[in-house]
Amino acid sequence: MRPIFPLLTVLTAILLTSQLIIPALSSGPILRLTVHTTKQSYNVGEDIEIYGALYYEWQPSYPVSDIVTLQVNYPSTHGLCMLRTLPTASLEFKTWDVEILSLTPCDGSGDPRSTFLKGTLGYFSILWKNNDAISHYVIIALTLVYGNGVPFMSYAPTSGALAPGEDRSGLFSVPISTDALDGPAKAYASALVGWPSAGGYAYSPEKSASFAISSSLGMAGSSVSLGVGLLSELEPNYNSTLSTLRQGTYVGNYTVYASSRILGTQQATNTTQFEVMVLGDINGDLLVDGQDFQLVKKAVPSTPGSPKWRPECDLNGDGIVDGQDFAKLKKFVGNYGVR
Ligand SMILES: [Ca+2]
Ligand SMILES: [Ca+2]
């Protein structure tokens, strides 16, 4: 099926023993992957649009149809924020060494269920399979996202080796917090070779499932659509939106790892960072309140160079601290971040 594979194995073996082979190999198609966010810095509560393109270097305007694994890590030691595996184009004729066959929200005995009550456990039944003739080590990653696009849980419920042709299923519980957002939510499951942050990638496209979070059974909110619209130097062929809450979002530098590997060829990776900050928090206590109003007030009117000038008080970035910045600050009152 994949005649290139043995050849590649031989080449890899040669490559491992001799650095001199590298120039000869570079004549093959080089896979490139870009990853960007629309901005470098976001206020708490803003949507972060992550996007990029997968292409061969010799044909940059022609998207390669495959999957991109996207891992977003929170700042400092807060760990995994989200793991998604996105198609760059139609995957109709693709086959996968390992794939997720199904992802089903359910109760503790595995019966399908569409709504979880706050303060209880939500269960997810995942079925995955090794389609290959050799065994594969698989990490299952599960990401849960509220209807407003804010991820609230992302982790690896299980991992292990699957024998050739073996399928496996697991029932995983996730606590649905009492302060979870009511309404629709989504679950995404991916099967990984390894984490993109450690050079890994997904075997196959993610499976997704919808469910609802409710304070009482029988009611669920309406669905929220996520706006995506952007362009880069290259036409993006994958994108994902990560939303944040106005209150309680981790502030600092988030890292995005993107990874893709075309079967039988090679791997392309890239990484980017974005910052989440509390706009309007002048005194640095991560909360926008009356104290910040006082500080902006003291800086009015000022421009760069004047003694009262504080750049962080110029909220609209027009080079002057004035009434417009007050108007902006009003909208941010009550926002806070967590470090
Ligand atoms: Ca403050
Ligand atoms: Ca201003």
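All of these numbers come straight from a predicted model, not from anything done at the bench.

## A word on the sheet that holds strand β12 (residues 136-146)
And step 1. Taken in spatial order, the five strands make up an open sheet running β10-β16-β15-β12-β13, and their pairing is mixed. Among the strands making up the open sheet, the edge pair consists of β10 (115-117) and β13 (151-162). Each strand of the sheet is rotated relative to its neighbour by a mean of 25°, with strand direction disregarded.
And step 2. Across eight bridges, the pairing between β12 and strand β15 (residues 183-192) is antiparallel. Bridge pairing links isoleucine 139 to leucine 192 in β15.

## A closer look at helix α4 (residues 323-332)
And step 1. Taken together, the buried positions of α4 are occupied by Asp325, Leu329 and Phe332. Down the axis of α4, the smallest arc covering the buried residues is 55°, so these residues share one side. Residues of α4 that are exposed and point over 90 degrees away from its buried face: Gly323, Ala327 and Lys330.
And step 2. The secondary structure elements touched by the buried residues of α4 are α3 (290-298).
And step 3. Directly beyond the C-terminal end of α4, a positive phi value near 95° is found at glycine 334.

## Notes on the packing of α3 against α4
And step 1. Running from N to C, α3 and α4 point in directions that differ by 170°, and their axes come no closer than 10 Å. Relative to α4, α3 is oriented roughly antiparallel. Here α3 contributes Asp292, Phe293 and Val296 to the contact with α4, which in turn contributes Asp325, Phe326 and Leu329.

## Examining the environment of tyrosine 146
And step 1. By secondary structure assignment, the location of tyrosine 146 is in strand β12.
And step 2. Tyrosine 146 sits in the partly exposed class, given 19 other C-beta atoms within 10 Å.
And step 3. With 34 residues separating them in the primary sequence, tyrosine 146 and alanine 180 have C-alpha atoms 8.4 Å apart.
And step 4. For tyrosine 146, the contacting residues outside a window of four places in its chain are Phe152, Leu181 and Ala185.

## Examining the confidence of the model for the protein
And step 1. Per-residue pLDDT for the protein averages 87, and the proportion of residues at 70 or more is 86%.
And step 2. Counting contacts from residues 1-26, a segment whose pLDDT is below 50, to residues more than four positions away or on other chains yields nine contacts.
And step 3. Low pLDDT (under 50) marks residues 218-233, which in the prediction has 25 contacts with non-local residues, meaning those over four places away or in another chain.

How each quantity is defined
Residues numbered from 1 in each chain as written. Chains lettered and ligands numbered in written order. Predicted model: local features only at pLDDT ≥ 70, side-chain atom pairs only at ≥ 80, totals over all residues. Pairing = 2+ DSSP bridges. Helix = DSSP H or I, 4+ residues; strand = E, 2+ residues; numbered from the N terminus. Axes fitted to C-alpha atoms, helices over the stretch in contact; angles between N-to-C directions. Buried ≥ 20, exposed ≤ 12 C-beta atoms within 10 Å, placed from the backbone. Arc of directions from axis to C-beta. Contact = placed C-beta atoms within 7 Å. Parallel < 35°, antiparallel > 145°, perpendicular 65-115°, else oblique. pLDDT = per-residue confidence, 0-100.

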